[in-house]
Amino acid sequence: MSTTHDQFLSANEAHQEAFSGRGLAAPPSRRVAVLTCMDARVDIYRALGLQIGEAHVIRNAGGVLTDDAIRSLTLSQRKLGTTEIAVIQHTDCGLENLDNEAVLAELEAATGSRPPWPIGGFSDVRNSVRASVAALRSDPHLIHVDAVNGYVYHVETGRLEPVGT
Ligand SMILES: [Zn+2]
């Protein structure tokens with residue numbers, strides 16, 4: 001039976017044969033960074049019409065503004081020249097209405113250890129996007145905070161809904 005490991009290596013052989021990314025510069029050519037959720041239904045490149053080499057894509061559970069997301073966005077701007085940020089959360093996210101304290105307690109009960117990181121659950125996806133956009137616009141370490149936009153991606157239709165502040 002073929003394992004995921006084998007499947008990845010096999011698919012990569014085909015990828016190498018069709019590979020077109022040679023010679024691309026590391027700085028994203030469209031100078032944009034996208035923060036979004038790890039959700040398997042969100043094909044962020046197709047949803048936004050992005051090609052390889054054009055954007056930084058930072059993903060985590062929920063597409064929430066963690067310290068590590070801010071770290072990546074800061075390095076994206078200061079070391080790799082991006083000037084715009086898109087924050088994209090989505091409908092039907094597993095993090096929406098997740099009880100942060102209950103998850104922390106569950107982990108602690110199961111393992112004896114309470115994780116030091118926040119779970120990141122939120123109660124309303126649009127408010128979560130607005131809060132992240134507001135926090136980025138006042139972040140002291142970013143250079144470009146005038147072009148930070150927020151959106152909700154609809155997993156059932158593919159629609160990208162702008163979320164005003
Ligand atoms: Zn999600």
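Keep in mind that this is a model prediction, so the values were computed, not measured.

Moving on, we come to the side chain of T36. Here T36 is to be found in strand β1 (residues 32-37). Within the local environment of T36, its side chain forms a polar contact with the backbone oxygen of I88, the two atoms lying 2.7 Å apart. With sequence-adjacent residues up to four places away left out, T36 is seen in contact with V42, I44, V57, I58, R59, N60, G63 and I88.

Glancing now at the pairing of strand β5 (residues 160-163). In β5, alternate side chains face the same way, and those of E161 and V163 are buried while those of L160 and P162 on the opposite face are not. Here strand β4 (residues 148-153) runs beside β5; their pairing, made up of four bridges, is antiparallel. Its bridge partner lying in β5, Y151 is registered against P162. In textbook terms, the turn of a hairpin is the stretch between consecutive antiparallel strands, and for β4 and β5 this stretch comprises six residues, one of which, G158, has a positive phi near 85 degrees.

All right, on to a nonpolar patch on the surface then. On the surface, a cluster of nonpolar side chains totalling about 300 Å² of accessible area is made up of F19, L24 and I52. Owing to a relative accessible area of 44%, L24 belongs among the partly exposed residues under this scheme.

Quick look at the sheet that holds β1 now. Here five strands make up an open sheet; going across it, the order is β2-β1-β3-β4-β5 and the pairing mixed. Among the strands making up the open sheet, the edge pair consists of β2 (55-60) and β5. Each neighbouring strand pair of the sheet contributes to a mean axis angle of 25 degrees, computed without reference to strand direction. Relative to β2, β1 runs parallel, the two sharing six bridges. When the bridges of β2 are listed, V32 appears paired with A55. Each of β1, β2 and β3 (84-90) touches helix α3 (residues 67-80); the most contacted strand, β2, lies at about 170 degrees to it. The strands touched by helix α5 (residues 125-137) are β3, β4 and β5; relative to β4, the strand with the most contacts, the crossing angle is about 165 degrees.

Attention shifts here to the environment of E84. Mapped onto the fold, E84 is located in strand β3. Owing to a relative accessible area of 37%, E84 belongs among the partly exposed residues under this scheme. Put simply, E84 and A147 are 63 residues apart on the chain and 5.0 Å apart in space, counted from C-alpha to C-alpha. When neighbours within four sequence positions are excluded, E84 is seen to be in contact with R31, V32, A33 and A147.

Conventions used here
Residues numbered from 1 in each chain as written. Predicted model: local features only at pLDDT ≥ 70, side-chain atom pairs only at ≥ 80, totals over all residues. Heavy atoms only, no water. Helix = DSSP H or I, 4+ residues; strand = E, 2+ residues; numbered from the N terminus. Polar contact = N/O pair within 3.5 Å; in protein donor to acceptor, adjacent residues only side chain to side chain. Contact = heavy atoms within 4.5 Å. Buried < 20%, exposed > 50% of the residue type's maximum accessible area, 1.4 Å probe, protein only. Pairing = 2+ DSSP bridges. Patch = residues over 30% accessible without salt bridge, like charges linked within 9 Å, V, L, I, M, F, W, Y side chains within 5 Å. Areas by Shrake-Rupley, 256 points an atom, 1.4 Å probe, with all protein chains shown as cover. Salt bridge = Lys/Arg side-chain N within 4 Å of Asp/Glu carboxyl O. Axes fitted to C-alpha atoms, helices over the stretch in contact; angles between N-to-C directions.

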